[in-house]
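Now for the letters of each chain:
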Amino acid sequence: MQDVYHYWAGEWRKPQGTVSLPVHDPAKAEQVAQVFVADASEVNAAVEAAHSAFRSWRQVPVTERVQPLFRLKAVLERDFEALARTITLECGKTLAESRGEMRRAIENVETACGMPYLLQSGFNEGIAAGIDEFSIRQPLGVAAILCPFNFPGMIPFWFVPYAIAVGCSVVIKPSERVPLTMQMLMQLMQESGVPAGVVNVINGGRSVSEALIAHPHVRSISFVGSSTAARNVYTQAASYGKRVQCQGGAKNPVVILPDADLETTTAVIADSAFGCAGQRCLAASVAILVGEAKHPFGDSLRESAVSRKTGNGFDDVQMGPVISDASRTRIHGLLEDIERSGARLSVDGRQHDLASGYFVRPTIVEGLREASELLRTEIFGPVLTLVEKPSIEAALEFVNSGAYGNMACLFTRSGEAARRFRSEAEVGNVGINVGVAAPMSFFPFSGARESFFGDLHGQGKDAVRFFTNEKVVVERWPKEWSRKF
Ligand code: NAD
C-alpha cells in the first residue's frame with residue numbers, strides 16, 4: 001500500500017500526524033493507500049518554507065521563473081500515461097477521461113509559460129507636463145490551493161503554474177480522497193527545477209484547510225469544492241482580510257429546442273450527464289425539453305442511459321464508479337427521496353450486476369415537481385432529470401431561478417435563439433451545442449451565484465491578476481533638474 005508524504009522546503013516528509021484516512025480504488029472498493037492528516041506543526045512548516053522561498057523567488061526575473069514550467073510541460077508529456085492511470089486508479093474515471101484531464105492540466109502550464117507577456121501592464125507617457133504614470137504587477141506572497149476530489153490532476157493547475165510564474169510560492173492541499181496524483185505531480189515539479197519551498201504539498205481535510213486559511217503568512221486562498229464549503233472558506237478567509245476565490249457546486253441545466261440535431265445532441269448531453277460518473281462541476285444534470293423536443297429527445301436520452309457501458313475505468317467502458325461508498329449511499333438516498341416525492345426513475349441506475357466497486361449506473365428522473373427542492377439539489381452522480389417547458393422563455397426562467405450558476409447549455413440550429421440564450425442565461429459558463437462548456441486555459445474558469453464566491457477566477461489572465469498586486473507609479477522628472485547632455 002502506497003504511503004502519502006507531505007513535501008516542503010524541497011524534501012519529502014514522512015507524516016507525523018496520528019489521524020489517517022483510507023484512499024480507495026473506487027472500481028474495486030479496495031484500499032490502495034492511507035493519508036495522514038497534517039498536524040498544526042506540519043502545516044506551519046510548509047507555510048514557513050513557502051514564506052521563506054517567496055523572498056528570493058520573487059526577485060528571480062520572470063523569464064527565468066518560467067523555465068521550470070517549460071521543463072514541466074516536457075515531463076508531463078513524458079509521464080502522461082502514468083499520470084492518467086493514477087487518476088483512474090484513485091478517482092475511478094475512465095482512462096480516456098483521465099487523459100483529457102491531464103491534457104487540460106498541461107494546457108495551463110503552456111499558458112503560464114507566456115508569463116513575461118501576461119505580466120505586462122500599462123504605461124501612459126506624459127499624463128501632465130514631465131509626468132508619466134504606469135502600473136506594475138507584483139506577486140502577492142504565499143498562496144494556498146485547496147482542491148476537490150474530482151479532478152486531482154487538472155484543478156491544482158488552474159492556479160499553481162500562474163502563481164509560481166508571477167513569483168508567488170504555494171502550498172497545495174489535495175483532496176484527502178485522491179492524494180496520489182499530486183504525489184506524482186510534485187515529483188515532476190521537483191524534477192523540473194522548481195526551487196525548494198516554491199511549491200509545497202500538505203495533506204489532510206478540512207482541519208488543514210482551516211489552518212492554512214488562518215496562517216498569517218498565507219496571503220491568498222484558491223478553493224474548489226462544494227458550495228457549502230466554498231461559502232465557509234470565503235467567509236473565513238475574508239474575516240482574516242485575505243484575497244479569496246472559491247469555486248462551488250453546480251446543478252447545470254441544458255435546454256433542448258425541437259430543431260436541435262437528435263444524434264449529436266443526445267451523444268453530447270449523455271456524455272455531459274454521465275461522463276466522469278456525473279462528478280464534473282460542468283455535468284448536465286437537468287435536461288429541459290422545449291415543446292416538441294419532448295418525445296424524440298426523451299426517448300433517445302433514455303436509450304443512451306440504458307446502453308452506456310459502465311465498469312472499471314481501466315477497461316473498455318464509457319463510465320466508471322462514483323468516488324466512494326458514502327457517495328453511492330448519498331446518491332441512492334436522494335433517488336429514494338425523489339421516488340417518495342412522487343417522481344419516477346424511468347432509468348434506474350441502482351439496479352446492476354457490477355459486483356465490486358462503488359457503481360451507480362446512468363439514471364433518468366422524470367415527473368419531479370417544479371416546487372421540489374430535489375430539482376435544485378446537486379446530486380453529483382450519473383443522474384439526469386428531464387423537465388418539460390413550453391418555450392425558450394420558460395426554459396430561461398428555469399435556468400435563472402436556481403441557486404447555482406456554473407453552466408447552462410442550449411441545443412438548437414437557430415442562431416437567434418443561441419444569441420438570446422448566451423446573453424440572458426445568468427451563469428458563468430455557457431455552451432451552445434456543447435455539453436461541457438469547459439473554458440480553455442487562456443479563459444477564466446467562470447461561475448456565478450452559489451457556484452462562485454469572489455471576483456477573479458482560476459486560469460488565464462484572471463489567475464495572473466489574482467496572484468498579484470497592481471501598484472501604480474506616478475513619476476515626475478522636471479526638465480530643470482537635469483543636466484544638459
Ligand atoms: P468538498 O467541498 O467536500 O472538498 C473540497 C476540498 O475542501 C477538499 O480538499 C476538502 O478537504 C476541503 N474541505 C471540505 N470541507 C471544507 C470546509 N468546510 N472548509 C475548508 N475546506 C474544506 O468537495 P469535493 O466533494 O471534494 O468536490 C466535489 C464538489 O466540488 C462538488 O460540489 C462540485 O460541484 C465542486 N466542484 C466545483 C468546481 C467548479 O469549478 N465550480 C470544480 C470541481 C468541483
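Coordinates for the structure precede this section.
Just so it is clear, the structure is predicted and the values come from calculations on it, not from any experiment.

Enquirer: Describe unusual backbone geometry, and please don't skip the residues or the numbers.
Expert: With a phi close to 55°, Ala-277 is a non-glycine residue in the positive phi region. Of note, the phi angle at Arg-449 is positive, near 45°, even though the residue is not glycine. Inspection of the secondary structure assignment puts Arg-449 in strand S21 (residues 448-449). The exposure class of Arg-449 is partly exposed, given its relative accessible area of 28%.

Enquirer: Describe the environment of His-6, and please don't skip the residues or the numbers.
Expert: Positionally, His-6 belongs in strand S2 (residues 6-8). Taking relative accessible area as the criterion, His-6 reaches 0% and is therefore assigned buried. Discounting chain neighbours no more than four positions away, the residues touching His-6 are Glu-11, Trp-12, Arg-13, Pro-15, Phe-36, Ala-38, Glu-42, Val-201, Ile-202 and Asn-203. A polar side-chain atom of His-6 sits 3.1 Å from the main-chain amide nitrogen of Asn-203.

Enquirer: Tell me about the sheet that holds strand S7 (residues 131-139), residues and numbers included.
Expert: A sheet is described by the order of its strands in space; here 3 strands give the open sequence S6-S7-S23, paired in antiparallel fashion. A strand with exactly one partner marks an edge of an open sheet, and here the two such strands are strand S6 (123-128) and strand S23 (468-476). Going across the sheet, the axis of each strand differs from the next one's by a mean of 30°, ignoring polarity.

Enquirer: Which residues make up the packing of helix H14 (residues 392-401) against helix H15 (residues 415-424), and what values do they have?
Expert: Where H14 meets H15, the closest approach of the two axes is 11 Å, and the angle between their N-to-C directions is 25°. Taken as axis vectors, H14 and H15 run roughly parallel relative to one another. The handedness of the crossing between H14 and H15 comes out as right-handed. Residue-level inspection shows Ile-392, Glu-393, Leu-396, Val-399 and Asn-400 of H14 in contact with H15, the latter providing Ala-417, Arg-420, Phe-421 and Glu-424.

Enquirer: How would you explain the site of the ligand if you had to name every residue and give the values?
Expert: Close contacts around the ligand come from 29 residues, with Cys-147, Glu-176, Arg-177, Ser-226 and Glu-378 the closest. At 3.3 Å from a nitrogen atom of the ligand is found a side-chain nitrogen or oxygen belonging to Arg-206. One nitrogen or oxygen atom from the side chain of Glu-378 is found 2.6 Å from an oxygen atom belonging to the ligand. Relative to its free-state accessible area of 830 Å², the ligand is covered by the protein chains to the extent of 91%. Those elements that place two or more of their residues in the shell around the ligand are helix H9 (206-214), strand S11 (218-224) and helix H10 (227-239). Ranked by residues supplied to the shell around the ligand, first place goes to H10 with 3 residues. When its residues are assigned to classes, the shell around the ligand shows 13 nonpolar, 11 polar and 5 charged. Of the domains in this structure, domain 1 (2-248 + 451-473) and domain 2 (252-432) are the two that each give at least three residues to the shell around the ligand.

Enquirer: I'd love a proper account of the pairing of strand S19 (residues 407-411), names of residues and values included.
Expert: Where burial is concerned, most of S19 is hidden: 5 out of the 5 residues are buried. With burial as the criterion, each face of S19 is covered, one bearing Met-407, Cys-409 and Phe-411 and the other bearing Ala-408 and Leu-410. Sheet analysis places S19 next to strand S20 (residues 429-432), joined by 4 bridges and oriented parallel. Residue pairing across strands places Met-407 opposite Asn-429, the latter belonging to S20. For the crossover from S19 across H15 to S20, the handedness is right-handed.

Conventions adopted
- Residues numbered from 1 in each chain as written.
- Predicted model: local features only at pLDDT ≥ 70, side-chain atom pairs only at ≥ 80, totals over all residues.
- Heavy atoms only, no water.
- Helix = DSSP H or I, 4+ residues; strand = E, 2+ residues; numbered from the N terminus.
- Buried < 20%, exposed > 50% of the residue type's maximum accessible area, 1.4 Å probe, protein only.
- Contact = heavy atoms within 4.5 Å.
- Polar contact = N/O pair within 3.5 Å; in protein donor to acceptor, adjacent residues only side chain to side chain.
- Pairing = 2+ DSSP bridges.
- Axes fitted to C-alpha atoms, helices over the stretch in contact; angles between N-to-C directions.
- Parallel < 35°, antiparallel > 145°, perpendicular 65-115°, else oblique.
- Left-handed = near helix turned anticlockwise from the far one by under 90°.
- Near = heavy atom within 4 Å.
- Areas by Shrake-Rupley, 256 points an atom, 1.4 Å probe, with all protein chains shown as cover.
- Nonpolar A, V, L, I, M, F, W, Y, C, P; charged D, E, K, R; others polar.
- Domains from an automatic or database assignment.
- Right-handed = clockwise from strand over helix to strand, strands pointing away.

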